[in-house]
Amino acid sequence: MSDPAVHVDTTSQVPPYEQIRSQLAALIRTGRLAEGERLPTVRQLAVDLGLAPGTVARAYRELEAAELIRTRRGAGTRVATLPSEPHVHDAEQLTTLARDFTSAARALGADTEDILTAVRDALDPGPDSSSATADRGAGGPKAAEASAQVTGGS
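Here the structure is a predicted model, which means the values were calculated and not measured. (Residues numbered from 1 in each chain as written. Predicted model: local features only at pLDDT ≥ 70, side-chain atom pairs only at ≥ 80, totals over all residues. Heavy atoms only, no water.)

Trainee: Give me the lowdown on the packing of helix 4 (residues 91-107) against helix 5 (residues 112-123), citing residues and values where you can.
Mentor: At a minimum axis distance of 10 Å, the contact between helix 4 and helix 5 shows a crossing angle of 125 degrees. When the axes of helix 4 and helix 5 are compared, the pair comes out oblique. Here helix 4 and helix 5 pass one another in a crossing that is right-handed. In contact with Phe 101, Thr 102, Ala 105 and Arg 106 of helix 4, helix 5 contributes Thr 112, Ile 115, Ala 118 and Val 119. Partitioned by chemical class, the residues of the contact of helix 4 with helix 5 number five nonpolar, two polar and one charged. (Axes fitted to C-alpha atoms, helices over the stretch in contact; angles between N-to-C directions. Helix = DSSP H or I, 4+ residues; strand = E, 2+ residues; numbered from the N terminus. Parallel < 35°, antiparallel > 145°, perpendicular 65-115°, else oblique. Left-handed = near helix turned anticlockwise from the far one by under 90°. Contact = heavy atoms within 4.5 Å. Nonpolar A, V, L, I, M, F, W, Y, C, P; charged D, E, K, R; others polar.)

Written out as structure tokens, the structure reads:
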């Protein structure tokens, strides 16, 4: 399995800091980023994504406020211990993300069934789900997207 990555679509209506925050939060909550795992520095992730350091810093501040990461001088930024209470999602944020995804999918020419299939595949990926998406030509404009590995080492 490859290292988790953060992807930013600069054409999206969702601000880049929010894309970073939500993706890292999901990686942490699902265990793909383990407790104590080091994240890249603000500067490094900003360079990797082609964004301003302040954009990444805002995402990190919000993750720290949510107690998902902790930053210590000399130790870097690391995944925090997950709270024992279950996470309650923000319904408004979920709706915004769903609308953004739907708009992007429609821009690619996807119809309702294609969109629902993609969501089902993302929720429960089977062995051939990625090839089905690749066969349809999904991907979007390369100049508007950036991604970066989010593991910073030990």
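Trainee: Could you give me a rundown of the environment of Thr 81, with the residues and numbers involved?
Mentor: Along the polypeptide, Thr 81 turns up in the loop between strand 3 (76-79) and helix 4. Sequence separation between Thr 81 and Leu 68 is 13 residues; the distance between their C-alpha atoms is 7.2 Å. Setting aside its immediate chain neighbours within four residues, Thr 81 contacts Glu 35, Glu 67 and Arg 70. Side-chain polar atoms of Thr 81 contact the side chain of Glu 35, separated by 2.8 Å. (Polar contact = N/O pair within 3.5 Å; in protein donor to acceptor, adjacent residues only side chain to side chain.)

Trainee: Run through the packing of helix 1 (residues 16-29) against helix 3 (residues 53-65), naming residues and quoting values.
Mentor: One way to put it is that helix 1 packs onto helix 3 with a least axis distance of 8 Å and a crossing angle of 40 degrees. Considering the angle they form, helix 1 stands oblique to helix 3. Note that helix 1 runs across helix 3; the crossing there is right-handed. Packed against helix 1, whose contacting residues are Pro 16, Tyr 17, Glu 18, Ile 20, Arg 21, Leu 24 and Ala 25, the element helix 3 presents Thr 55, Val 56, Arg 58, Ala 59, Tyr 60, Glu 62 and Leu 63 at the interface. For the contact of helix 1 with helix 3, the class distribution of residues is nine nonpolar, one polar and four charged.

Trainee: Outline the pattern of salt bridges, supporting the account with residue identities and numerical values.
Mentor: In total, this model carries three salt bridges according to the counting rule given. Note that Arg 21 and Glu 18 form a salt bridge whose closest N and O atoms lie 2.7 Å from each other. Pair noted here: Arg 21 and Glu 18 are both in helix 1, with a separation of three residues, about one helical turn. Neither Arg 21 nor Glu 18 differs from the other in exposure class; each is buried. For Glu 62, the salt bridge goes to Arg 58, with nearest N and O atoms at 3.4 Å. One end of the pair is Glu 62 and the other is Arg 58, both in helix 3 and four residues apart, which spans about a single turn. For Glu 62, a relative accessible area of 28% corresponds to the partly exposed category. The exposure class of Arg 58 is partly exposed, given its relative accessible area of 37%. (Salt bridge = Lys/Arg side-chain N within 4 Å of Asp/Glu carboxyl O. Buried < 20%, exposed > 50% of the residue type's maximum accessible area, 1.4 Å probe, protein only.)

Trainee: Which residues make up the side chain of Ser 12, and what are the values?
Mentor: Summarising the element assignment, Ser 12 is placed in the loop between strand 1 (5-9) and helix 1. On the basis of relative accessible area, Ser 12 is assigned to the buried category, the value being 15%. Polar side-chain contacts of Ser 12 include one of 2.9 Å to the backbone nitrogen of Val 14. For Ser 12, the side chain forms a polar contact with the side chain of Asp 100, separated by 2.7 Å.

Trainee: I'd love a proper account of the packing of aromatic side chains, names of residues and values included.
Mentor: With the rule as written, the count across this model stands at zero aromatic pairs. Here Arg 58 stacks its cationic end above the ring of Tyr 17, 3.7 Å away from the centre of that ring. (Phe/Tyr/Trp six-rings, centres within 6.5 Å; stacked < 30°, edge-to-face > 60°. Lys NZ or Arg CZ within 6 Å of the ring centre and 35° of its normal.)

Trainee: Summarise the environment of Arg 61; cite the residues concerned and give the values.
Mentor: Relative to the elements of secondary structure, Arg 61 occurs in helix 3. Sequence separation between Arg 61 and Thr 71 is 10 residues; the distance between their C-alpha atoms is 9.4 Å.

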